[in-house]
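Summary of the model geometry
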Amino acid sequence: MITVVRVKLRPTPAQKDALASTLRRCNEAATMVASRAFEERTYRRQSLQRLTYYNLKSAGLSAQPALHVIRKVADAYTTLHANVRNGRYGKPESKRRVAVTGKPIVFRDTAAQPYDDRCLSWQHDKQTVSIWSVEGRLKDIPFTGRKEDLEQVREYRKGETDLVEHQGEFYLVATVDEPTPATFEPRGFLGVDLGVANIAATSDEVLYSGKRLNRKRLHYLNKRKELQKKGTKSARRRLRARSQKEARFARDTNHVISKKIVAVAERTGRGIGLEELTGIRERARSRKPQRARLHSWAFAQLGQYITYKAERAGVPVVFVDPAYTSQECHLCHHIDRKNRRTQDVFACISCGVTLHADINAGKNISSRAEIHWGSINGPCGCAV
Ligand SMILES: [Zn+2]
């Protein structure tokens, strides 16, 4: 399984300056190459190397970084041209398409710069890296990250790593290729309903409360309104810091919950049933105002975390159609809007069963996942 892992660099002030000017110089160089490519209508990597390599060398880039800059430009044009072909910028004469294709690509000063092993080396025991910069090699820059991320980087890092700057901090985004076990044959499915009041509710009748997350979110929302009113530069800076803090909190919460859910499924030999993720996003958009409070990405993120942690553990994941999971009785399968008495209470008007509405939804997802699994995997494990 190929994923990316991000670690944070802790450079000294002098190293930080060197990293900043490295990114700036590489991106200025990329913009120069991009403009040359545009002039000559030449977008292939080899041709661009012939055209610009020596200019980049004389601009202070070493051989490898220069080649990476050229490839970055070639890749950017490949993506752009593919998007144009796919109609992403509209018809040939449309304003947007003309705006996008009528001028060369410009790289931001802080756009990511790829590094290979010759320009970046990792000392995992010391938890430091040594990295090429326009001011010479920077040695012994400490890095930090989540414990499991650091392990991944140490064990499975492969290929290139991007140096990126985000809000004044520097990060390395490493590609990791972790071998994953084959998925096991599940004995049933743990159904997981994602929501707001409860971030997750499982068919095992476990609720993961969203209280703390929502309280935080409301707090940030109010602060944000205050700061937006002010509109000063420092207010904007604080606003950015807050939105970052909020995202971090949501991320950590999602990591903790997804880890617990996957552990339960693994321990009990079950797969995991989830709603189709597009459905989750739509639902997050449509229900107001309560749903609006939770950004749709937080839903999608929890679904993603569960999916990749499950894949790593060999736990099969099945996505089910979420239609009526909140109105269907998990016992007698009677579907009626009136079954859902309140936000929390599910009381079946047909068989009389009463339970928490989110748990009922989790149970429906569980049985739908089981049916779905049975329909795509025959008794011998082959697809039928
Ligand atoms: Zn019922």
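Rules of the game
Residues numbered from 1 in each chain as written. Predicted model: local features only at pLDDT ≥ 70, side-chain atom pairs only at ≥ 80, totals over all residues. Helix = DSSP H or I, 4+ residues; strand = E, 2+ residues; numbered from the N terminus. Buried ≥ 20, exposed ≤ 12 C-beta atoms within 10 Å, placed from the backbone. Contact = placed C-beta atoms within 7 Å. Pairing = 2+ DSSP bridges. Axes fitted to C-alpha atoms, helices over the stretch in contact; angles between N-to-C directions. Core = buried A, V, L, I, M, F, W, Y, C linked by C-beta atoms within 7 Å. Expected span 1.5 Å × (residues − 1). Bend = angle between axes of the 7 residues up to and from the residue. Parallel < 35°, antiparallel > 145°, perpendicular 65-115°, else oblique. Left-handed = near helix turned anticlockwise from the far one by under 90°. Nonpolar A, V, L, I, M, F, W, Y, C, P; charged D, E, K, R; others polar.

1. Re the overall build of the chain
Secondary structure assignment for the chain yields 10 helices and 14 strands. Dimensions of the chain, computed from C-alpha atoms along their principal axes, come out at roughly 80 × 60 × 50 Å. Counting over 384 residues, the chain shows a buried share of 31%. For the chain, the share of sequence-separated contacts (at least 6 apart) that also reach a separation of at least 24 residues comes to 65%.

2. Observations concerning the sheet that holds strand 1 (residues 2–9)
In spatial order, the strands read 2-6-7-1-5-4-3; together these seven strands make up an open sheet with antiparallel pairing. Lying at the two open borders of the sheet, with one neighbouring strand each, are strand 2 (113–115) and strand 3 (120–123). If you compare each strand with its neighbour and ignore which way they point, the axes differ by 35 degrees on average. Where strand 3 lies against strand 4 (residues 128–131), four bridges are found, and the strand directions are antiparallel. In the strand pairing of strand 4, Trp 122 is matched with Val 129. Across the sheet, helix 5 (residues 147–156) is in contact with strand 1, strand 6 (157–166) and strand 7 (169–177); its angle to strand 1 comes to roughly 115 degrees.

3. Re the nonpolar core
Counting 36 residues, the largest nonpolar core has Ala 30, Val 33, Val 69 and Val 73 as the members making the most contacts within it. For this core, the secondary structure elements donating two or more residues are strand 1, helix 1 (13–40), helix 2 (45–58), helix 3 (63–85), strand 4, strand 5 (138–144) and strand 7. With nine residues, the top contributor of residues to this core is helix 1.

4. Description of helix 7 (residues 233–267)
Taking 1.5 Å as the rise per residue, helix 7 with 35 residues should run 51 Å; its terminal C-alpha atoms sit 51 Å apart, in good agreement. Three or more residues of helix 7 are buried, namely Glu 246, Ala 250, Asn 254, Ile 257, Ser 258, Ile 261, Val 262 and Ala 265. Two residues or fewer after helix 7 comes Gly 269, characterised by a positive phi angle close to 65 degrees.

5. What about the pairing of strand 11 (residues 271–275)?
For strand 11, a buried count of five out of five residues is recorded, marking the element as mostly surrounded by other parts of the structure. Burial along strand 11 is two-sided: the residues Gly 271, Gly 273 and Glu 275 and Ile 272 and Leu 274 are all buried. In this sheet, strand 11 lies alongside strand 8 (residues 189–194) in parallel orientation, the contact comprising three bridges. Bridge pairing in strand 11 links Leu 190 to Ile 272. Summarising the sheet, strand 11 and strand 12 (residues 317–320) pair through four bridges and their orientation is parallel. Residue pairing across strands places Gly 273 opposite Val 318, the latter belonging to strand 12.

6. What to know about the sheet that holds strand 11
Taken in spatial order, the five strands of this open sheet run 10-9-8-11-12, and their pairing is mixed. Either end of the sheet is taken by a strand with one partner, and the two such strands are strand 10 (207–209) and strand 12. Ignoring which end each strand starts from, the neighbouring axes of this sheet average 20 degrees apart. Where helix 10 (residues 357–376) meets the sheet, its contacts fall on strand 8, strand 9 (198–202), strand 10, strand 11 and strand 12, and the angle it forms with strand 8 comes to roughly 130 degrees.

7. Remarks on helix 2
In this model helix 2 runs 19 Å from its N-terminal to its C-terminal C-alpha over 14 residues, within 8% of the 20 Å that 1.5 Å per residue would give. Taken as a whole, helix 2 carries its principal kink of about 50 degrees at Thr 52. Within the sequence span of helix 2, burial applies to Leu 48, Thr 52 and Leu 56. Contacts made by the buried residues of helix 2 are with helix 1 and helix 3. A positive phi of about 100 degrees marks Gly 60, the residue just after helix 2.

8. Overview of the environment of Ser 366
Position of Ser 366 relative to the elements: it lies in helix 10. If sequence neighbours within four positions are ignored, Ser 366 has contacts with Phe 189, Leu 190, Gly 191, Ser 203 and Gly 273.

9. Observations concerning the packing of helix 6 (residues 211–230) against helix 7
Viewed as axis vectors pointing N to C, helix 6 and helix 7 meet at an angle of 170 degrees, and their least axial separation amounts to 9 Å. Viewed along their axes, helix 6 and helix 7 adopt a mutual orientation that is roughly antiparallel. Here the hand of the crossing between helix 6 and helix 7 comes out left-handed. In this structure, helix 6 uses Leu 213, Lys 216, Arg 217, Tyr 220, Lys 223, Arg 224, Leu 227, Gln 228 and Lys 230 to contact helix 7, whose residues at the interface are Ala 235, Arg 238, Leu 239, Arg 242, Glu 246, Phe 249, Ala 250 and Thr 253. Here the residues of the contact of helix 6 with helix 7 sort into seven nonpolar, two polar and eight charged.

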